[in-house]
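# Chain and residue survey
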Amino acid sequence: MDKTYDFIVNLHSRTGKAKEIWESLEEILTKDGVSYRVHITEYVGHATKIAEDLTADDAYHFLVVAGGDGTINEVLNGIRDLSKVSFGYLPLGSANDFARGLHITAEPEVILRQILASETEDAYDLGQVCCGGQTRRFAISAGAGIDAAVCREALTSRLKVFLNRFHLGKLTYGLLTVAELFRAPFVSGKVELTDGREFHMKNIIFTAAMNFPCEGGGVPMAPSADAHDGKLSACLVYGIPRFLCLCAFPFLIAGKHENIRGFEIVEAEELHVVFDKPMVVHADGEDCGDQTDVTFRCLPGALHMPHLD
Ligand SMILES: Nc1ncnc2c1ncn2[C@@H]1O[C@H](COP(=O)(O)OP(=O)(O)OP(=O)(O)O)[C@@H](O)[C@H]1O
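Numbering of residues starts from 1 in each chain and follows the order in which that chain's sequence is written. The predicted origin of the model limits local features to residues at a pLDDT of at least 70 and limits the giving and counting of side-chain atom pairs to 80 or more, whereas totals for whole chains, interfaces and linings rest on all residues.

This brings us to the site of the ligand. The criterion for a residue being near a molecule or strand is a backbone-placed C-beta atom within 6 Å of that molecule or strand. What surrounds the ligand is a group of 21 residues, the closest being Gly 67, Gly 68, Gly 70, Gly 93 and Ala 95. It is helix 3 (residues 69-76) that contributes the most residues to the shell around the ligand, four residues altogether. In terms of residue class, the shell around the ligand is built from three nonpolar, 14 polar and four charged. Helix and strand labels come from DSSP, where a helix needs a run of H or I of at least four residues and a strand needs a run of E of at least two; each type is numbered from the N terminus. Three classes are used: nonpolar for Ala, Val, Leu, Ile, Met, Phe, Trp, Tyr, Cys and Pro, charged for Asp, Glu, Lys and Arg, and polar for all others, with Gly counted as polar.

What follows covers the packing of helix 1 (residues 18-31) against helix 5 (residues 108-117). Lines are fitted to the C-alpha atoms to define the axes, a helix being fitted only along its stretch in contact, and any angle between axes, read from their N-to-C directions, falls within 0 to 180 degrees. Across the interface, helix 1 lies against helix 5 with an axial gap of 10 Å and an inter-helix angle of 35°. Seen from above, helix 1 lies across helix 5 with right-handed handedness. Facing Ile 21, Ser 24, Leu 25 and Ile 28 of helix 1, the residues of helix 5 in contact are Pro 108, Glu 109 and Leu 112. Should the near helix be turned counterclockwise from the far one by less than a right angle, the crossing is left-handed, whereas a clockwise turn marks it as right-handed. The contact criterion used is a C-beta to C-beta distance within 7 Å, with each C-beta placed from the backbone.

Before going further, it helps to examine unusual backbone geometry. In most cases, non-glycine residues show a negative phi, while peptide bonds are predominantly trans. The backbone phi angle of Asn 203 is positive, close to 50°, even though this residue is not glycine. Turning to its location among the elements, Asn 203 is positioned in the loop between strand 9 (198-201) and strand 10 (204-210). For Asn 203, a count of 16 C-beta atoms within 10 Å puts it in the partly exposed group. Residues other than glycine seldom take positive phi values, yet Asp 284 does so here, at roughly 50°. Here Asp 284 is to be found in the loop between strand 15 (270-283) and strand 16 (286-306). In this scheme every C-beta is placed from the backbone, and a residue whose C-beta has 20 or more other C-beta atoms within 10 Å is buried, one with 12 or fewer is exposed, and one in between is partly exposed. For Asp 284, a count of 28 C-beta atoms within 10 Å corresponds to the buried category.

If you trace the backbone, Ala 56 turns up in the loop between helix 2 (46-54) and strand 3 (61-67). C-alpha separation for the pair Ala 56 and Asn 10, spaced 46 residues apart in sequence, amounts to 21 Å.

This paragraph deals with the packing of helix 2 against helix 3. Where helix 2 meets helix 3, the axes come as close as 7 Å, and the angle between the chain directions of the two elements is 40°. For the pair helix 2 and helix 3, the crossing hand works out as right-handed. On the side of helix 2, the interface is formed by Ala 47, Thr 48 and Ala 51, while helix 3 contributes Thr 71, Glu 74 and Val 75. In the contact of helix 2 with helix 3, the residues fall into three nonpolar, two polar and one charged.

Only buried residues count toward a nonpolar core: Ala, Val, Leu, Ile, Met, Phe, Trp, Tyr and Cys, linked into one set through C-beta atoms within 7 Å. Formed by 83 residues in total, the largest nonpolar core has its most connected members in Leu 63 and Met 210. Sort the elements by how many residues they give to this core and strand 15 lands first, with seven residues. Segment limits for the domains were obtained from an automatic or database-derived domain assignment. A domain-level breakdown of this core finds at least three residues from each of domain 1 (5-117) and domain 2 (128-301). If sequence neighbours within four positions are ignored, Met 210 has contacts with Ser 141, Glu 215, Met 221, Ala 222, Ala 225, Leu 232, Ser 233, Ala 234 and Cys 235.

What follows deals with helix 6 (residues 146-155). Counting buried positions over the 10 residues of helix 6 gives eight, a clear majority of the element. Within helix 6 the residues assigned to the buried category are Ile 146, Asp 147, Ala 148, Ala 149, Val 150, Cys 151, Arg 152 and Ala 154.

Let's shift gears to the sheet that holds strand 1 (residues 5-9). Two strands form a pair only when DSSP identifies at least two bridges running between them. The four strands are arranged 2-1-3-4 in an open sheet whose pairing can be described as parallel. Where the open sheet ends on each side, the last strands, each with one partner, are strand 2 (36-40) and strand 4 (85-91). Each neighbouring strand pair of the sheet contributes to a mean axis angle of 20°, computed without reference to strand direction. Alignment of strand 1 against strand 2, held across five bridges, turns out to be parallel. Bridge assignment links Asp 6 to a residue of strand 2, and that residue is Arg 37.

Turning to the domain arrangement of the chain, a few remarks are in order. Each domain of the chain was delimited in the assignment, giving domain 1 (5-117) and domain 2 (128-301). The partner domain 2 presents 21 residues to the 14 residues of domain 1 that form the contact. Counting residues per element, the ones that place at least two in the side of domain 1 that touches domain 2 are helix 3 and helix 4 (97-102). In terms of residue count, the dominant contributor to the side of domain 1 that touches domain 2 is helix 3 (five residues). Of the residues assigned to the side of domain 1 that touches domain 2, the class counts are four nonpolar, six polar and four charged.

Counting through the fold element by element, Arg 297 comes out in strand 16. Considered as a pair, Arg 297 and Ala 283 are 14 residues apart in the sequence and their alpha carbons are 12 Å apart. Other than its neighbours up to four places away in sequence, Arg 297 contacts Gly 127, Gln 128 and Glu 270.

Within strand 7 (residues 141-145), five of the five residues are buried, which leaves it mostly tucked inside the rest of the structure. For strand 7 and strand 10, the ladder comprises five bridges, and the chain directions are antiparallel. Bridge assignment links Ala 144 to a residue of strand 10, and that residue is Thr 207. When strand 7 meets strand 15, the two strands line up antiparallel, connected through three bridges. Bridging from a neighbouring strand, Ala 144 pairs with Val 281 of strand 15.

Here's what the structure looks like:
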């Protein structure tokens, strides 16, 4: 099989730091005589278009995404048929929750060499969110409520740009979360799981459907989420006063929130959530609008990645 790699690169990831890392990676590709093409993203949403165009035929494709979690989500939502794609990943973002979930900790140069040397693939679950007439895939998490509102704010946050300069980008999420906690509307709703369980929720803070344990730059919403089990782990937070929720955040950040009042972690192949007022919804931090009816679903083993030694 012709192994030409298509690199989809977001030079704007990590507030532009990705550019210099990518330049050193491209030197390796040139020096090693690798057969490859580079597709640099030029605007928000471009990675989806690039992936759509690359996978429009019936051939098998070796894609490698170089960027952050937002770029991964865009590419995932452009791929026509996931079963015909090998999905390599070079973490160049600021939150890097996808890399964290995969336990990819090596330097990008090392990961690149591992991808190029890989002969086999590993399959991982993905998530899918359906709401407001749209269907989006997600790799890490999707959710409604405060975490989604924070993602919306973070997309345009000057605070993130500022903090990224000091390698403190993930602090953005903490600061924005405290602000959102006290300005979010009071919403009630119901969650139905595939096994028939139902949760009736008042004063919903958020519902986060996790494929990997962490979102928001390492916050372990569902510490035991496993992208090999065919299920999503949902963290439901509701029914507690907001100041108590704020007091519980250190436990959330430490991944010790499971037994705290107001925090519930449930596993399911699918969750259907209905709210009495619109809540902000996100998929991997990408804004899915304000919605009242949302379905989160697991797509077992849908993502094929080069096995890294
Ligand atoms: N040329 C471009 N100009 C401006 N924005 C772009 C461009 N190309 C891509 N983007 C946008 O940059 C956003 C953020 O990129 P990405 O997620 O890769 O990096 P990050 O925010 O640093 O990482 P993380 O999501 O892990 O925190 C993406 O949502 C994408 O739409």
